Amino acid sequence: MDTLSYKTVSANKATVDKQWLLIDAEGQTLGRLASEVAKFLRGKHKTNFTPHVDCGDNVIVINAEKIQLSGNKWEDKVYFRYTGYPGGQRSTTAKDLLEKHPERIIEKSVKGMLPKNKLGADLFRNLRVYVGAEHGQEAQKPTVVNLNEIK
């Protein structure tokens, strides 16, 4: 038996194969969509996954305004931010955030599922979220991913 075939493959920046994926958020539940997007960004769906390397794909999410939340979360889910000044804590509900910046709901959810270090910041830069069906990455020829068939 050849023992060379049992070597562990460790990916690096030069050997990684990055692709462009297009995901439609219409009718998808926020948390389930975000966990799949985070998996694609991290590269956990690939056989040569290496934890300390950006071996994930570039992900484009369209129709961010058509995302679904279960239960009463449109009114109950609150997003907090801090201005940096005393008494500067601001809060907004998911419904208000959807009206003003619908792409930020998906971005915040995905960012929370990525590592909290430099690698996570690099992975987050591979995510593009758009309101509506139009996106600016037609030149990259993204592959359409149907999340309903993955389950």
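Refer to the structure above for everything that follows.
The following paragraphs examine the structure supplied in this document. Quick caveat, the model's predicted, so the values are computed rather than measured.

Describing the packing of aromatic side chains
Phase 1: Per the counting criterion, the structure on display carries zero aromatic pairs.
Phase 2: The aromatic ring of Phe 40 is capped on one face by Lys 39, whose charged end is 5.7 Å from the ring centroid.
Phase 3: Above the face of the Phe 124 ring, Lys 111 is positioned so that its terminal group lies 5.1 Å from the ring centre.

Some details on the pairing of strand E4 (residues 89-93)
Phase 1: Bridge count for strand E3 (residues 78-82) against E4 is five bridges, and the pairing is antiparallel. Residue pairing across strands places Tyr 79 opposite Thr 92, the latter belonging to E4.

Digging into the nonpolar core
Phase 1: Membership of the largest hydrophobic core comes to 29 residues, with the highest contact counts inside it found for Val 37 and Ile 106.
Phase 2: Listed by contribution, the elements that provide at least two residues to this core are strand E1 (20-24), helix H1 (30-42), strand E2 (58-62), helix H3 (94-100), helix H4 (102-111), helix H5 (118-124) and strand E5 (127-129).
Phase 3: Sequence-distant contacts of Ile 106, defined by excluding residues within four places in its chain, comprise Ala 25, Leu 30, Leu 33, Val 61, Ala 64, Ile 67 and Val 129.

Considering the packing of H1 against H4
Phase 1: Taken N-terminus to C-terminus, the directions of H1 and H4 make an angle of 60°; their axes are 9 Å apart at the nearest point. Classified by the angle their axes make, H1 and H4 are oblique. Our pair here, H1 against H4, has a crossing hand that is right-handed. Residues Leu 30, Leu 33, Ala 34, Val 37, Ala 38 and Leu 41 of H1 pack against Ile 105, Ile 106, Ser 109 and Val 110 of H4.
Phase 2: Grouping the amino acids of the contact of H1 with H4 by side-chain chemistry returns nine nonpolar, one polar and no charged.

Conventions and cut-offs
- Residues numbered from 1 in each chain as written.
- Predicted model: local features only at pLDDT ≥ 70, side-chain atom pairs only at ≥ 80, totals over all residues.
- Heavy atoms only, no water.
- Phe/Tyr/Trp six-rings, centres within 6.5 Å; stacked < 30°, edge-to-face > 60°.
- Lys NZ or Arg CZ within 6 Å of the ring centre and 35° of its normal.
- Pairing = 2+ DSSP bridges.
- Helix = DSSP H or I, 4+ residues; strand = E, 2+ residues; numbered from the N terminus.
- Core = buried A, V, L, I, M, F, W, Y, C linked by side-chain atoms within 4.5 Å.
- Buried < 20%, exposed > 50% of the residue type's maximum accessible area, 1.4 Å probe, protein only.
- Contact = heavy atoms within 4.5 Å.
- Axes fitted to C-alpha atoms, helices over the stretch in contact; angles between N-to-C directions.
- Parallel < 35°, antiparallel > 145°, perpendicular 65-115°, else oblique.
- Left-handed = near helix turned anticlockwise from the far one by under 90°.
- Nonpolar A, V, L, I, M, F, W, Y, C, P; charged D, E, K, R; others polar.

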